[in-house]
Amino acid sequence: MAKRFTQRAARLTLMLAMTLPLLPGCKEEAAPARQQATAPPAAVFVSRVERQAISRGADFIGRVEAIDRVDIVARVTGFLQARHFNEGDAVKAGQLLFTLEQPPFAAEVALRRAQLDSARADLANATTQVTRGRELVKTNAIPQATLDDRITAEAESKAKVAAAEAQLLQAQINYDYTEIRAPFDGRAGRSPLSPGNVVSPNVGTLVTIVRDDPIRISFPVTQRQLLQFRREGGAAASDRIKVSVRLPDGSMLDSTGRFDFIDVTTNRATDSVLVQAIIPNPQKYLVDGQAVTVVVETGDPEQAITIPQSALQIDQAGSFVLVVGAENKVEVKRVKTTRGLGGQLVVTEGLEIGQMVITEGAQRARPGAVVAPQPAPSVPGGAMPGSAPRRG
């Protein structure tokens, strides 16, 4: 009897479970299906296909170098009395940087000047004795040997005067070395020693001064690229080659430069030639020793279709992009591209002017699906976020 009751209870439970979704009060589980059917189109960023003026050339990794750089050292030994600049300041040629304790050197100058005065007095007396001796010799008042001794004494006095003058000059030079000045316009680096320290030629660098406007950038160029630059530049290659710098944040430096030096030898290991360019640096964005991207442009700009790198996708069939077509439906366009300056992708086949290319949100877009396109935000350097091509 108990067994029959258990079987009937199980059947009632099963029937109740099948009936509950059909009751009016049990509609919550069906709501997600209706919401999914009415979900809004996926939002994507798009960029309009247009022709742009692009230049021919190439990118290189270069190293910034100061045109002039000097390590300031003390040339005499003495106590550092004062520092007349702040670390990082711009300094002018001849500007006073350091002062050493001057009284000992001033005393040495005074001593050497007194010795020179004494030597000159001895020379004046010796000259007078020679003049008198010449008169006395004529009357045989003194022998010729005495006159010869006086002439010799005069010559010795002249030599002592010359030595005293040299010693005074050396003392004056040492005194002048107590004032250390900037040799050229530039910027001052760190100064490790504070006033009160004893400095000497063996102590080391007191401060480093670099000239940072204009500034030099060195980078290696292969023989093939150098030959291409010269051919595309024509007869006035150096005038038509424009050198720009891309900063670490992707923006371009406002100033452009020119080739300044091309090495006369080739690196046998890399078959490359060291090239140096001079770039104006009025805003001091470029710092000695910094690594930057050097953009070398040759010839006149040409019109071409470019797209952001983030728009390009790759699958087994090759490269393609997703475009928003009629009624905001996603379409696949197979493209052929080449790489331009600054990481630009130049489209040679597959796109037409005016089409809207999806640059961000392609993972939410499928061919044939309806999307909600929005203008893509621009970033410094012209590249879009997520610049690497995606694989389908």
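Remember, it's a predicted structure, so these values are computed and weren't measured experimentally.

Turning our eyes to something else, we now look at the overall build of the protein. Helix and strand counts for the protein stand at 6 helices and 23 strands. Looking at the protein residue by residue over its 392 residues, the buried ones come to 32%. The contacts in the protein between residues at least 6 apart in sequence include a share of 75% that link residues at least 24 apart. Here the protein has roughly 23500 Å² of accessible surface; of this, 53% comes from carbon and sulfur atoms.

What follows is about the sheet that holds strand β5 (residues 90-91). The antiparallel open sheet is built from 4 strands, whose spatial order is β3-β10-β8-β5. Only two strands of the sheet have a single partner each, and these edge strands are β3 (68-72) and β5. Direction of pairing for β5 relative to strand β8 (residues 186-188): antiparallel, over a ladder of 2 bridges. If you follow valine 91 over to β8, its bridge partner there is glycine 186.

Let's shift gears to the packing of aromatic side chains. Remark: the centre distance and the inter-plane angle together describe each pair of aromatic rings, the angle taken between the planes. In this structure the tally under the stated criterion is 3 aromatic pairs. Between phenylalanine 219 and phenylalanine 259, the aromatic rings sit 6.3 Å apart at their centres with planes inclined by 55°, giving tilted as the arrangement. Note that phenylalanine 219 is positioned in strand β11 (residues 215-222) and phenylalanine 259 in strand β13 (residues 258-262), a separation of 40 residues in sequence. Each member of the pair, phenylalanine 219 as well as phenylalanine 259, carries the same accessibility label: buried. The rings of Phe60, Phe219 and Phe259 are connected pair by pair, giving a single aromatic cluster.

Let us look at the packing of helix α3 (residues 103-138) against helix α4 (residues 144-176). The contact between α3 and α4 brings their axes to 8 Å, and the two run at 165°. Taken together, the axes of α3 and α4 are roughly antiparallel relative to one another. Taken as a pair, α3 and α4 cross one another with a handedness that is left-handed. Considering only residue class, the contact of α3 with α4 consists of 18 nonpolar, 9 polar and 12 charged.

With that out of the way, let us pick up the side chain of glutamine 102. Relative to the helices and strands, glutamine 102 is located in the loop between β6 (96-100) and α3. In this structure glutamine 102 touches Gln81, Tyr175, Thr178 and Glu179, once residues within four positions along its chain are discounted.

Read from one edge of the open sheet, 4 strands run β7-β6-β4-β9, paired in antiparallel fashion. In this open sheet, the two strands that pair with only one neighbour each are β7 (179-181) and β9 (198-199). In this structure, β6 lies alongside β7, joined through 3 bridges in antiparallel fashion. Note that in β7 the partner of phenylalanine 98 across the bridge is isoleucine 180.

To continue, consider the pattern of salt bridges. Counted according to the given criterion, the structure contains 14 salt bridges. Linking arginine 258 and aspartate 260 is a salt bridge whose minimum nitrogen-to-oxygen distance equals 3.8 Å. According to the relative accessible area criterion, arginine 258 is partly exposed, its value standing at 46%. Looking at aspartate 260, the relative accessible area reads 36%, which means it is partly exposed. Between lysine 336 and glutamate 349 there is a salt bridge, with the nearest N and O atoms lying 3.7 Å from each other. Of this pair, lysine 336 sits in strand β19 (residues 336-339) while glutamate 349 sits in strand β20 (residues 345-349); the two residues are 13 residues apart in sequence, bridging distant segments of the chain. Judged by its relative accessible area of 46%, glutamate 349 falls in the partly exposed class.

Turning our eyes to something else, we now look at the nonpolar core. By size, the foremost hydrophobic cluster in this structure holds 23 residues, and its most contacted members are Ile217, Phe219 and Leu286. Those elements that place two or more of their residues in this core are β2 (51-65), β11, α5 (223-233), β12 (242-246), β14 (272-279) and β15 (291-307). Membership of the second largest hydrophobic core comes to 19 residues, among which are Ile72, Val76, Phe105 and Phe184.

On to the pairing of strand β1 (residues 42-48). Bridge analysis of β1 against strand β22 (residues 371-375) gives 5 bridges, and the strand direction is parallel. Of the residues in β22, the one forming a bridge with valine 44 is proline 373. With 4 bridges connecting them, β1 and strand β21 (residues 356-360) associate as antiparallel partners. Of the residues in β21, the one forming a bridge with valine 46 is isoleucine 358.

Where the residue is not glycine, phi is negative for most of them; where a peptide bond is considered, it is trans in most cases. Cis geometry marks the peptide bond from aspartate 213 to proline 214; its omega dihedral reads 0°. As for its position among the elements, proline 214 is in the loop between β10 (207-211) and β11. Even without being glycine, asparagine 140 reaches a positive phi, approximately 60°. Relative to the assigned elements, asparagine 140 resides in the loop between α3 and α4. Given the relative accessible area of 68%, asparagine 140 is considered exposed.

Scoring rules and cut-offs
Residues numbered from 1 in each chain as written. Predicted model: local features only at pLDDT ≥ 70, side-chain atom pairs only at ≥ 80, totals over all residues. Heavy atoms only, no water. Helix = DSSP H or I, 4+ residues; strand = E, 2+ residues; numbered from the N terminus. Buried < 20%, exposed > 50% of the residue type's maximum accessible area, 1.4 Å probe, protein only. Contact = heavy atoms within 4.5 Å. Areas by Shrake-Rupley, 256 points an atom, 1.4 Å probe, with all protein chains shown as cover. Pairing = 2+ DSSP bridges. Phe/Tyr/Trp six-rings, centres within 6.5 Å; stacked < 30°, edge-to-face > 60°. Axes fitted to C-alpha atoms, helices over the stretch in contact; angles between N-to-C directions. Parallel < 35°, antiparallel > 145°, perpendicular 65-115°, else oblique. Left-handed = near helix turned anticlockwise from the far one by under 90°. Nonpolar A, V, L, I, M, F, W, Y, C, P; charged D, E, K, R; others polar. Salt bridge = Lys/Arg side-chain N within 4 Å of Asp/Glu carboxyl O. Core = buried A, V, L, I, M, F, W, Y, C linked by side-chain atoms within 4.5 Å.

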